[in-house]
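# Structural description and commentary
Each chain, letter by letter, is given below.
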Amino acid sequence: MEIKAKKAQAPKKVKSDRAKTNSKKAKAKISGAEAVLKCLLKEGVDLIYGYPGGAIMPIYDALYDYQKKIQHVLTRHEQGAIHAAEGYARATRKTGVCFATSGPGATNLFTGLGDALMDSTPLVCVTGQVYSHLLGSDAFQEVDVIGCTTSITKWNYQITDPNEIPEVMAKAFYIANSGRPGPVLIDITKDAQVGLLDFKYKRTTKIRSYFPLPEVDSAQITAAAKLINAAKKPLILSGHGIQIAEAHEVFRKFVEKTGIPVASTIHGLSSLNNDHPLYVGMLGMHGNYGPNIKTNQCDLLIAIGMRFDDRVTGNLQKYATQAKKIHIEIDPSEINKNVEVEAPVLADAKDAIVALHKKVKKKTYPSWLKEFRACDKKEYRKVISKDLAKLTSGPIKMAQAIKEASDQTKGKAIVVTDVGQHQMLAARYYDYSDKNLWISSGGAGTMGFGLPAAIGAKMGRPQKEVLCVCGDGGFQMTLQELGVCSQYDVAVKILLLDNNYLGMVRQWQELFFERRYSFVELENPDFVTIAKGFGVEGHTVADAKNLKASIKQMLDHDGPYLLHVTCIKEENVFPIISTGKAVDEIALE
């Protein structure tokens, strides 16, 4: 009986083995949702910001099993998610990642996409989409995300077949953080998320007809070096491209060899330490007096990794007409777009600087540099001495609060700002003493950027002090992200400068619209109570005599902290280049 029983069971055993084999083959396939996460792991991603919803729910379901490998941060709004990803990307120079669902979830990313494109920030944003058979039917929470984001992304793509996921995601990461970085959006329909595929991943290193890293042209370098060596009053304009290329050290060596004074764009801040003897200040509408005046007196402008935007150039018809110009830029579309140049250098900033360093002569320009220092004295007398006047009591000046924070952090904190008067003052009065310490919304000027971007910066570089400088207007646009600070214990220190106005708009209404203050005064809430409601400690300081101790209390606190600073209501930011004026028509008062 035992023998017969064994013979009878044999066929069943064979059938079971076949079933196991088929089962293994089935298990070899994974869902599109899981494939997305595996792609992220292959690209080294360990942090995602996002907000779940119906159309992206399969990806979030797959994420449940990947929590030990990838940290997901639940923001309180999709705009908070993309700005946090921007802050992370800017602080680390890695690609930021965020998730959102379809419809309103995706549209809430649009502001951040435009911001990232203007400021060359690498992002990969994944949005869920309705089932592919519903596309174009006005289904629930369906928006044509690809059509809407074509103009505010470096690349976008809609996936309807799960088999496309690995190749498209690989391309997305390559495009986002190569050449001039920017945001990429991948829209994935729900059927592509739940469908199965055999997962194979190969990182993209080349795409036909896409050439993100131009080879250095020796003829262009020679022509630029010839102009540099012949110049008598040269001026370097350092832009964001130096930070992106991580060219700080080679740039410093180039500057010290050539002896050329350096002015920075707002995004070029901290490409050269503020205390460097050749640093002469910030360019632009609210920049320093010297570099703006001398732009129209130099005989050579050397622009590195910047795009000659209107806030730097002022009236283009009167911009540096006396000077020859070198433009080092990785994006060919930017060369000769706004300003015609004699010597374009199409290259990565670091590669170009290294090549130029070999061909330029060692020089100094003591008399030329003295002209800048004379301008500094004039600006100090008319502007800086007033902004930083020691107040023993009474209302606090914004500049005074920023300078005190700078002194107490020794100029080594990452400064993340919102947009407005406080932004310009943080650019002017924080003494940046290390590389890559400035994160702000420049091109788009996005109010609400500050707090979530500071969260991303702190999570990207947790060992650094991160100081978020906000105004009362912009802070109220994304203050709900205080919940993220508390839930994830993100120790951002928030310096909230409150003047009960939309300060920059009010300043313009005062100066150019006969003090007709049209809808700029704010009736603000109790910010400290709100912060504590989210689990974030804080306090208010309203008297200058308590400012130093208050900033120390904020910085010493273990965890996130809100210091609410009551500021002078009608304080203006000078210098200023008014609309339509030339850079040398900058007003000091």
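Residues numbered from 1 in each chain as written. Predicted model: local features only at pLDDT ≥ 70, side-chain atom pairs only at ≥ 80, totals over all residues. Heavy atoms only, no water.

Across its full length, the protein holds 24 helices and 20 strands. Projected onto its principal axes, the C-alpha coordinates of the protein cover approximately 110 × 60 × 45 Å. A burial count over the protein gives 58% of its 589 residues as buried. Within the protein, residue pairs in contact and separated by at least 24 positions form 77% of the contacts whose partners lie at least 6 positions apart. A total of about 25100 Å² of accessible surface is found on the protein, and carbon and sulfur atoms cover 52% of it. On the protein, the mean spot of the 75 positive side-chain charges and the mean spot of the 64 negative ones are 8 Å from each other. (Helix = DSSP H or I, 4+ residues; strand = E, 2+ residues; numbered from the N terminus. Buried < 20%, exposed > 50% of the residue type's maximum accessible area, 1.4 Å probe, protein only. Contact = heavy atoms within 4.5 Å. Areas by Shrake-Rupley, 256 points an atom, 1.4 Å probe, with all protein chains shown as cover. Lys, Arg positive; Asp, Glu negative; His and termini not counted. Charge placed at Lys NZ, Arg CZ, Asp CG, Glu CD.)

A ring pair, where both rings are aromatic, is described by two values, the distance of the centres and the angle of the planes. For the coordinates displayed, the defined rule picks out eleven aromatic pairs. Aromatic side chains Trp 368 and Phe 372 sit 4.9 Å apart centroid to centroid with 75° between the ring planes, which places their arrangement in the edge-to-face category. Taken together, the positions of Trp 368 and Phe 372, both in helix α16 (residues 366–387) and four residues apart, correspond to about one turn of that helix. Owing to a relative accessible area of 1%, Trp 368 belongs among the buried residues under this scheme. Above the ring of Tyr 501, the side-chain terminus of Arg 506 is found at 5.7 Å from the ring centroid. (Phe/Tyr/Trp six-rings, centres within 6.5 Å; stacked < 30°, edge-to-face > 60°. Lys NZ or Arg CZ within 6 Å of the ring centre and 35° of its normal.)

With an omega of 0°, the peptide bond between Phe 574 and Pro 575 qualifies as cis. Checked against the element boundaries, Pro 575 lands in the segment after β20 (561–566). At Asp 138, a position not held by glycine, the phi torsion is positive, near 60°. In this structure, Asp 138 sits in the loop between β5 (123–129) and α7 (145–149).

Further remarks concern helix α6 (residues 110–118). Among the residues of α6, Phe 110, Gly 112, Leu 113, Gly 114, Asp 115 and Ala 116 are the ones counted as buried. Summarising the contacts, the buried residues of α6 are in contact with α4 (78–92), α5 (104–107), β5, α7 and β7 (183–189). Two residues or fewer after α6 comes Ser 120, characterised by a positive phi angle close to 55°.

The subject of this paragraph is the nonpolar core. Counting residues in each nonpolar core, the largest one holds 151 residues, and the members touching the most others are Tyr 49, Leu 237, Ile 326 and Phe 475. In terms of residues, this core owes the most to one element, α4, which gives seven residues. With residues near it in sequence (within four places) discarded, Leu 237 still touches Ala 263, Leu 283, Leu 301, Ile 302, Ala 303, Ile 304, Met 306, Phe 308 and Tyr 319. Counting 38 residues, the second-largest nonpolar core is a separate cluster that includes Leu 37, Ile 56, Ala 172 and Ala 192. (Core = buried A, V, L, I, M, F, W, Y, C linked by side-chain atoms within 4.5 Å.)

A few words now on the pairing of strand β18 (residues 493–498). Among the six residues in β18, six count as buried, and that is most of the element. The alternating pattern of β18 places Lys 493, Leu 495 and Leu 497 on one face and Ile 494, Leu 496 and Asp 498 on the opposite face, and all of these are buried. The pairing of strand β17 (residues 466–471) with β18 spans five bridges and is parallel. By the bridge assignment, Cys 470 is partnered in β18 with Leu 496. As paired strands, β18 and β20 are joined by six bridges and run parallel to one another. Considered in β20, the bridge of Leu 495 is made with Leu 563. (Pairing = 2+ DSSP bridges.)

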